[in-house]
Amino acid sequence: GWLLLCLLPAILRAQSGEEGRPRSTSCQQSPTKVSCRGAGLRTFPRELGQGVKYLDLSNNLIQNLSGSFTPGFGQLEHLDLCFNQLEAVSAPALAQLPQLRSLLLGSNRLDHNYLSNGAAFHLLSNIELLDLSANSLESPMAGWYLSNLTRLRTLDLSRNKLTKLLVGIFQSSPRLRELDLSNNYIMEIEEGVFEALGELEVVNLALNSLHCISGFSLRQLRVLNLSHNALELFMVEGGAEPYLLRVLDLSHNRLLSFPELPRAHYLTHLNLSNNLIASLLPGSGGQGDFVLLYEEMGRFNRTWAPTAGLVRVADLDLSSNQLELFPVPFFHGLGSLHSLSLAKNCLQGVAGELVSGGMEPTNHSPVLPLRWLDLHDNALHVLPPWFFQSLPWLETIDLGSNSLQPCESRGSHWGGGSGEGSDVLAPGGNCTPFYNVPHLKHLNLCKNNIPRLQPFAFNQTSLLSLDLSGNRDLFLPKEALGGLELSLQKLSLRDNQMDSSEAALPCLSTLQVLDLSGNNLSLLPTGLLCSPLESLDISNNHLQRVEQPALRSWAHSLKDISIAGNPFSCCSLAWLDT
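Residues numbered from 1 in each chain as written. Predicted model: local features only at pLDDT ≥ 70, side-chain atom pairs only at ≥ 80, totals over all residues. Heavy atoms only, no water.

A few points about the overall build of the protein chain
Turning to step 1, where the next piece is worked out: A count of helical and extended segments in the protein chain gives six helices and 30 strands.
Turning to step 2, where the next piece is worked out: Of the contacts formed within the protein chain by residues at least 6 apart in sequence, a portion of 53% connects residues at least 24 apart.
Turning to step 3, where the next piece is worked out: Total accessible area on the protein chain stands at roughly 26,000 Å², and carbon and sulfur atoms take up 51% of it. (Helix = DSSP H or I, 4+ residues; strand = E, 2+ residues; numbered from the N terminus. Contact = heavy atoms within 4.5 Å. Areas by Shrake-Rupley, 256 points an atom, 1.4 Å probe, with all protein chains shown as cover.)

Observations concerning the nonpolar core
Turning to step 1, where the next piece is worked out: In this structure, Phe170, Leu316, Phe326, Phe331 and Phe458 are the most contacted members of the largest nonpolar core, which totals 144 residues.
Turning to step 2, where the next piece is worked out: When residues in this core are grouped by element, the largest group, three residues, is from helix H4 (residues 139–145).
Turning to step 3, where the next piece is worked out: Those residues in contact with Phe326 that sit more than four places away from it in its chain are Phe331, Leu340, Leu342, Leu347, Gly349, Val350, Ala351, Leu373, Leu375 and Phe387. (Core = buried A, V, L, I, M, F, W, Y, C linked by side-chain atoms within 4.5 Å. Buried < 20%, exposed > 50% of the residue type's maximum accessible area, 1.4 Å probe, protein only.)

Some words on the state of the cysteines
Turning to step 1, where the next piece is worked out: Counted under the stated rule, the structure contains three disulfides.
Turning to step 2, where the next piece is worked out: The disulfide partner of Cys407 is Cys431, and the gap between their sulfur atoms is 1.9 Å. Residues Cys407 and Cys431 share a disulfide whose torsion about the S-S bond is about 100°; that sign makes it right-handed. With a gap of 24 residues between them, Cys407 in the loop between strand S24 (396–398) and strand S25 (442–444) and Cys431 in the loop between S24 and S25 connect regions that are remote in the sequence. Each member of the pair, Cys407 as well as Cys431, is classed as buried. (Disulfide = S-S within 2.5 Å.)

Focus: unusual backbone geometry
Turning to step 1, where the next piece is worked out: With a phi close to 65°, Asp473 is a non-glycine residue in the positive phi region.
Turning to step 2, where the next piece is worked out: Residue Asp473 is classed as partly exposed on the basis of its relative accessible area of 44%.
Turning to step 3, where the next piece is worked out: Positive phi outside glycine occurs at Gln497, with the angle close to 55°.
Turning to step 4, where the next piece is worked out: Take Gln497: it is sitting in the loop between strand S27 (490–492) and strand S28 (513–515).

Some remarks on the packing of aromatic side chains
Turning to step 1, where the next piece is worked out: Throughout the structure, instances matching the rule amount to 12 aromatic pairs.
Turning to step 2, where the next piece is worked out: For the ring pair Phe216 and Tyr243, a centre distance of 5.9 Å and an interplane angle of 20° mean the geometry is stacked. Residue Phe216 is located in strand S14 (residues 212–216), and its partner Tyr243 is located in the loop between strand S16 (233–236) and strand S17 (247–249); the two are separated by 27 residues in the primary sequence. The pair Phe216 / Tyr243 is uniform in exposure class, with both members buried. (Phe/Tyr/Trp six-rings, centres within 6.5 Å; stacked < 30°, edge-to-face > 60°.)

Topic: the side chain of Asn444
Turning to step 1, where the next piece is worked out: Mapped onto the secondary structure, Asn444 falls in strand S25.
Turning to step 2, where the next piece is worked out: Overall, the relative accessible area of 16% leaves Asn444 in the buried class.
Turning to step 3, where the next piece is worked out: Once you skip the residues sitting within four places of it in the chain, Asn444 turns out to touch Ile397, Asp398, Leu399, Gly400 and Asp467.

Focus: the pattern of salt bridges
Turning to step 1, where the next piece is worked out: For the coordinates displayed, the defined rule picks out nine salt bridges.
Turning to step 2, where the next piece is worked out: Overlapping salt bridges, with partners in common, bring together Lys164, Glu188 and Glu190 in one network. (Salt bridge = Lys/Arg side-chain N within 4 Å of Asp/Glu carboxyl O.)

Comments concerning the confidence of the model for the protein chain
Turning to step 1, where the next piece is worked out: On average, residues of the protein chain score 87 in pLDDT, and 85% of them reach the 70 mark or higher.
Turning to step 2, where the next piece is worked out: Confidence over residues 355–359 falls short of pLDDT 50; this stretch has nine contacts with residues more than four positions distant or in other chains. (pLDDT = per-residue confidence, 0-100.)

Observations concerning helix H3 (residues 114–121)
Turning to step 1, where the next piece is worked out: Listed as buried for H3 are Asn117, Gly118, Ala120 and Phe121. In an axial view of H3, the angular spread of the buried residues amounts to 155°, which keeps them on one side of the axis.
Turning to step 2, where the next piece is worked out: Tucked into the core, H3 has its buried residues touching strand S6 (88–89), helix H2 (91–95), strand S7 (102–104), strand S8 (129–131) and H4. (Arc of directions from axis to C-beta.)

Observations regarding the pairing of S16
Turning to step 1, where the next piece is worked out: On S16, burial follows the alternation: Phe234 and Val236 on one face are buried, whereas Leu233 and Met235 on the facing-out side are not.
Turning to step 2, where the next piece is worked out: When S14 meets S16, the two strands line up parallel, connected through three bridges. Bridging across to S16, Ile213 finds its partner in Phe234. (Pairing = 2+ DSSP bridges.)

Notes on the side chain of Ser539
Turning to step 1, where the next piece is worked out: Its place among the elements puts Ser539 in the loop between strand S29 (535–537) and helix H6 (548–553).
Turning to step 2, where the next piece is worked out: Beyond its immediate sequence surroundings of up to four residues, Ser539 is in contact with Ser517, Gly518, Ser562, Ile563, Ala564 and Asn566.

Some points on the environment of Leu463
Turning to step 1, where the next piece is worked out: By the secondary structure assignment, Leu463 is in the loop between S25 and strand S26 (465–467).
Turning to step 2, where the next piece is worked out: Residue class for Leu463 comes out buried when judged on its relative accessible area of 0%.
Turning to step 3, where the next piece is worked out: Considered as a pair, Leu463 and Pro438 are 25 residues apart in the sequence and their alpha carbons are 8.7 Å apart.
Turning to step 4, where the next piece is worked out: Ignoring any residue separated from it by four or fewer positions in sequence, one finds Leu463 in contact with Leu440, Lys441, His442, Leu443, Phe458, Leu484, Ser487 and Leu488.

Description of the environment of Asp577
Turning to step 1, where the next piece is worked out: Relative to the assigned elements, Asp577 resides in the segment after strand S30 (560–562).
Turning to step 2, where the next piece is worked out: What makes Asp577 exposed here is its relative accessible area of 70%.
Turning to step 3, where the next piece is worked out: Sequence separation of Asp577 and Gln548 is 29 residues, and the distance between their C-alpha atoms is 9.8 Å.

Right, here's the structure in full:
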């Protein structure tokens, strides 16, 4: 009898239909917003106040939405039912939500009962944002759900089972502005699919199975993502009217050449990384069919230039392709280009303007407005002397994982002007001059197999950061960093296997961050005494102690120090007190 009395309240709640309703502590409420996210609900909550406009029921166990659950929600504008088990949506339920503007139904089971559910969706006359992602919808199912949503502005159909975009699928939603079709199985887009969408600005078709885009004609589009497909061709439709496209992502495809974009005058960001582009000349037939030779560079000045219309492109990514040459003239038409990546290609050299007698640029040769350049992980052995002259505003360059050897420069160790005492030697054919590059601030030369850094290698180049890590057995004489005493703030000499006799530093009076980890140092370079270090990594060396004068000199600046992996002497730990 006592057990029955204890169970009686639960039995009565179940019989009266209260199971599944949220307790007062299950949901967080404000006058117009309610969140029952992850509350374990199996049905639509009933005990909510009037006037609720925002309701979050995501991450619950709700299987159906019927009319008996939605009375009193006539003011509701936003409903989130993502990550439930929703299979059935009734017309009476949606009829009681006339003010609904945003409906999120992602990650449910709306492939079930799609005919009756789609008929109920005809009542969503005011809906502007609809999320149907991850519902296992096939193309005809999606078309039925969308068949009467005349005010729709944003639609998410990602992570479904669409294989083909049929003509008319979006015909009832002429005001659509943003469309996400990513992560489906789309292999074909019928001609005229987007014809009725005159206001469409953003389309995401990433992670599909498209092989060809020809006759692209969405001139009003601002953002287009076609990454992670199988595209071998991308061609835009001709005509005098310009395209309004700002962002185009064609990365992770199978493009063999630079796409033809003659009227994309507003394009600012172009991603062509992870393709099969082996040449930047127009008309290159296929992978490996064409190698850009020096004597053919003049074709850029005489024939159609593929970059001629890209006057606003600021960011261009060509990394992870199969380019063997960096053809500087190819980029001359990109007058707004600030960021360029050619990392992870097969670059072996740099080509300049074709002039009589060789490849040296003339005094009037165009320059590139680049500020950031990534050439890491290539096969570069040398950069020509004119290379940095063609990049007068370059601030950051990543040349890691190549085989470049810096040239020697003899001059003022303070990196002064170009008067007496700042005489510069002409570079040899096997080294690259990194001196006298006034705007360069950040240089990465890690993993270049540099055996010895020559004296004053960076003279008159006011670097703020320099990465020389991963150059095994690097010999660093004291004069090597001459000219950086008043500018260098961050230096990495990590994993060079240098011993104390191979690592000498001048007085770097602005150095704040230093990484000496992964070497064979038994003593720290004495030049560090005048550096106002804030961060020091000396882990994994052969240090038995840290000298007291060094620690005292950093007493007011040092914020963190890493010392792990050293054979410190237990009898000489007084330096820790400092």
